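Listed below are the residues making up each chain.
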Amino acid sequence: MPLDPDPTILRAIVSTIVPEAAALDDRGWLELNQVVEALLRDRPESLKRQVRMFLTAIQWLPVLRYGRAFTRLHPAARARFLAHLQNDPIQKVRVGFWGLRTIVLAGYYGRPQAAQAIGYNASPGGWEASR
Amino acid sequence: MKRAAYDIVIVGSGAGGGTVAQELSPLCRQGVRIAVLEKGPRFRDEEFSGRELEMAGALYEDGGGFLTSDGAMTIAFGCAYGGSTVVYTGTSMLPPERVISRWNVPGLTHADLECRARKFMAENNAHLLQDGLINENNKLFAEGCRKLNYDVQQFPVNIKGCRGSSLCNLGCPNQAKQGTDRVQLPRAERNGVEVITRSEVLTVGERTLTVRVSAKPAGAKGDPSPWEPGDYRIDSRIVVLCAGAVNTPALLLRSGMGRTLPRLGAGFTTHPAFIIVGEHARAITNFVGHPKSYYVDRFAESDRFILETCMYFPFITAKSLAGFGAPHSTFMRAFPRLQMILVLACDKADAYNRVAIDKAGRPVVHYRFQGEAARGLIRGAMASAKILFAAGAVRVHMPVTLDTTGTTIESADAMRLDEIAAKAEFKPPVSAAHPQGGCGMGSDPSDSVTDSYGRVHGHPWLSVADASLFPNSLEINPYVTIMALADRVAQRIREEVSALL
């Protein structure tokens, strides 16, 4: 089962956490999704359930505050909403956000293309390869 | 259930298990049958690709993301032939005298541990890296420390033929790091010790273990187990547990030993840590060269933190930077200009932090941040910022909540660091990679799980020889001390082997 049955929610979150992700093409999103799914594959079902619930909460909680679902918010409002979760006084909410943020960052920066884009090119060849 | 029998079974093949295997292996010549049971696989040299997520998923328990029960901390530890020695940086530190004295374990002296530790440092080729092989990420740390009159010291590292890939934490792709997978285990195997990989010990009873051998998953790295997949009952006259500070206490707990050992799982510490990142105006050599050459431990006693150089990979770096969005991306795009410092808090054993098990018998780590450890991280973050600015950084990223400056401090604010520190607030989550305690040494079951030779109280056939023996935080990188303690355990077993078999 995919992490997010509605891919627009995950894409909106990823693009808020890593703004460069908005420029990903279909192949880039596919790779990102594959990394995320591989990361969660061997994790307990309860954890996957929590992640899905957290995604759903992120999509619908903004309705209470802004009158719109997360995917329909302006990027600045999306960032404000996620910042609330990040700094929430309740540790469980903060930890939930941290977990989702970790998955998103793995999906984006776990791709070799992202590493290249930020200028990271460590090589088993070390010093010799860098010259 | 299949059956097997040995004279000695060692559970785990990291710093503890690899050492015990090597030190007991001469007994094989006398006909003693010895097996090492390792939960992880054995990897072929060419499988160490250096690719971040691929190697983390292959080499670490839970891909390096083992979570504490409240989800506020990840603990990284290895799961492979060689255990965590496959994924450490090879920093080789003698046990500190002040810590061993404070442990106050009857029969354990610092002099004895140091003597054994030096033996393994020599055996593993621990030495100071020559200056020409030290990159700017490390040199700038030393330069910043010297400007601030911080007593900076160089780590001995146990490498041989290092090419400077910087990929130590993903398993050295050049086989330069002298972990137990390169030194002690091959020697033990040459002497006749069997190593059975992909074999997880489910329970340990009176001279008996139940073990599950897993098949190699399709497409996975690593060799298949030498044994057929399935459940086994293994009889063994001597059992030595070296599965690490999370898995050894958990194994004993699910084997029902908590009833007679009330301290089982207690005293867990782990050096909670985060990284401070400084951005320079120019590119520096950072992801080439050995990542960890220098440290500062002068604040361990007074302020409860240690600083070490470090250099991580894109995902781990992104995860370690606080926040998200444009400020986060700005730091990531500056990767070739980044300098990194690891802050480790010297946490202390307390009544809450412990290893337990869930209903299925899986390990659960309960960990609450002590005020002192949290303050140590903040003080360490501020000391790191001073070092980074002294080394010429133009801005510094702090994974703590600051006043008006967000998570970034510009060099113009460098003079205000103490003022900013007073208002800084630490909020988990953080990460850790030095799990310790849970089967602490001591006098009797009221204060400990084992004696100073790792013998489990009330079970003369059963010993522990890993970081779970630490009665409290070691306050430095632990592998050499683990080897020294394992050497004591092995020596005592050799001396008593006739009586025990």
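Residues numbered from 1 in each chain as written. Chains lettered and ligands numbered in written order. Predicted model: local features only at pLDDT ≥ 70, side-chain atom pairs only at ≥ 80, totals over all residues.

### Some details on the overall build of chain A
Here is step 1: When helices and strands are tallied, chain A shows seven helices and zero strands.
Here is step 2: Each helix and strand of chain A, placed in order from N terminus to C terminus, yields the pattern α-α-α-α-α-α-α.
Here is step 3: By its C-alpha atoms, chain A is 55 × 35 × 30 Å across when sized along the principal axes.
Here is step 4: Burial statistics for chain A: of 131 residues in total, 31% are counted as buried.
Here is step 5: Partitioning the intrachain contacts of chain A with sequence separation of at least 6 by distance along the chain shows that 58% fall at a separation of at least 24. (Helix = DSSP H or I, 4+ residues; strand = E, 2+ residues; numbered from the N terminus. Buried ≥ 20, exposed ≤ 12 C-beta atoms within 10 Å, placed from the backbone. Contact = placed C-beta atoms within 7 Å.)

### Considerations on the overall build of chain B
Here is step 1: Along chain B, the regular secondary structure elements total twelve helices and 21 strands.
Here is step 2: In terms of overall dimensions, chain B is globule-like: its C-alpha atoms have a radius of gyration of 22 Å, near the 23 Å expected for 501 residues.
Here is step 3: The dimensions of chain B, computed from C-alpha atoms along their principal axes, are 70 × 45 × 40 Å.
Here is step 4: Residues classed as buried in chain B amount to 60% of the 501 residues present.
Here is step 5: A separation of at least 24 residues holds for 76% of the contacts in chain B among residues at least 6 apart in sequence. (Rg over C-alpha atoms; globule rule 2.2 N^0.38 Å.)

### Some words on the packing of helix α1 (residues 15-24) of chain B against helix α12 (residues 479-500) of chain B
Residue and element names in this part refer to chain B.
Here is step 1: Look at α1 against α12: their axes get within 8 Å of each other, and the N-to-C directions meet at 35 degrees. Considering how the two elements wind past one another, α1 and α12 form a crossing that is right-handed. For the pair α1 and α12, contact is made by Ala15, Gly16, Thr19, Val20, Glu23 and Leu24 and by Tyr479, Ile482, Met483, Ala486, Asp487, Val489, Ala490, Ile493 and Arg494, respectively.
Here is step 2: Of the residues that constitute the contact of α1 with α12, the class distribution is ten nonpolar, two polar and three charged. (Axes fitted to C-alpha atoms, helices over the stretch in contact; angles between N-to-C directions. Left-handed = near helix turned anticlockwise from the far one by under 90°. Nonpolar A, V, L, I, M, F, W, Y, C, P; charged D, E, K, R; others polar.)

### Description of the domain arrangement of chain B
Residues and elements named next belong to chain B.
Here is step 1: What the domain assignment lists for chain B is domain 1 (2-88 + 91-125 + 179-193 + 203-263 + 436-500) and domain 2 (131-155 + 273-346 + 370-427).
Here is step 2: Placing a centre on the C-alpha atoms of domain 1 and another on those of domain 2 gives a separation of 33 Å.
Here is step 3: In this complex, domain 1 contributes six residues to the contact, which on the side of domain 2 involves nine residues.
Here is step 4: Looking at the side of domain 1 that touches domain 2 residue by residue, the class counts come to two nonpolar, two polar and two charged. (Domains from an automatic or database assignment.)

### Remarks on the pairing of strand β2 (residues 34-37) of chain B
Residue and element names in this part refer to chain B.
Here is step 1: Of the two faces of β2, the one carrying Ile34 and Val36 and the one carrying Ala35 and Leu37 are both buried.
Here is step 2: Across four bridges, the pairing between strand β1 (residues 2-11) and β2 is parallel. Bridging from a neighbouring strand, Val9 pairs with Ala35 of β2.
Here is step 3: Of the strand pairs in this sheet, β2 and strand β8 (residues 194-196) are connected by three bridges, and their pairing is parallel. Bridging across to β8, Ala35 finds its partner in Glu194. (Pairing = 2+ DSSP bridges.)

### Observations regarding the environment of Asn158 of chain B
Residues and elements named next belong to chain B.
Here is step 1: Position of Asn158 among the secondary structure elements: in the loop between β7 (156-157) and α6 (184-190).
Here is step 2: Look at Asn158 and you get buried, because 28 C-beta atoms sit within 10 Å.
Here is step 3: Between the alpha carbons of Asn158 and Met398 there is a distance of 31 Å; along the sequence they are 240 residues apart.
Here is step 4: If sequence neighbours within four positions are ignored, Asn158 has contacts with Gly90, Ser92, Asn124, Asn125, Ala126, Lys177 and Gln178.

### So, the environment of Ala467 of chain B
Residue and element names in this part refer to chain B.
Here is step 1: Of note, Ala467 is situated in the loop between β21 (462-464) and α12.
Here is step 2: As a C-alpha pair, Ala467 and Gln436 span 31 residues in sequence and 4.9 Å in three-dimensional space.
Here is step 3: Setting aside residues no more than four positions away along its own chain, Ala467 makes contact with Gly244, Ala245, Pro435, Gln436, Pro478 and Ile482.

### Considering helix α3 (residues 45-66) of chain A
Residue and element names in this part refer to chain A.
Here is step 1: For α3, built from 22 residues, the straight-helix expectation of 32 Å at 1.5 Å per residue is met to within 8% by its first-to-last C-alpha distance of 32 Å.
Here is step 2: Roughly 30 degrees is the biggest bend found in α3, and it falls at Ile58, with proline Pro62 one to four residues downstream.
Here is step 3: Within the span of α3, buried status applies to Leu55, Ile58, Gln59 and Pro62.
Here is step 4: Buried residues along α3 sit in contact with α1 (7-17) and α4 (75-86).
Here is step 5: Directly beyond the C-terminal end of α3, a positive phi value near 80 degrees is found at Gly67. (Expected span 1.5 Å × (residues − 1). Bend = angle between axes of the 7 residues up to and from the residue.)

### Considering the nonpolar core
Residues and elements named next belong to chain B.
Here is step 1: In this structure, Val240, Ile341 and Val343 are the most contacted members of the largest nonpolar core, which totals 201 residues.
Here is step 2: Residue contributions to this core peak at eleven residues, all from helix α10 (residues 371-390).
Here is step 3: Structurally, this core is a two-domain feature, drawing no fewer than three residues from each of domain 1 (2-88 + 91-125 + 179-193 + 203-263 + 436-500) and domain 2 (131-155 + 273-346 + 370-427).
Here is step 4: Setting aside chain neighbours within four positions, we find Val240 in contact with Ile8, Ile10, Val11, Val20, Ser463, Ala465 and Val489. (Core = buried A, V, L, I, M, F, W, Y, C linked by C-beta atoms within 7 Å.)

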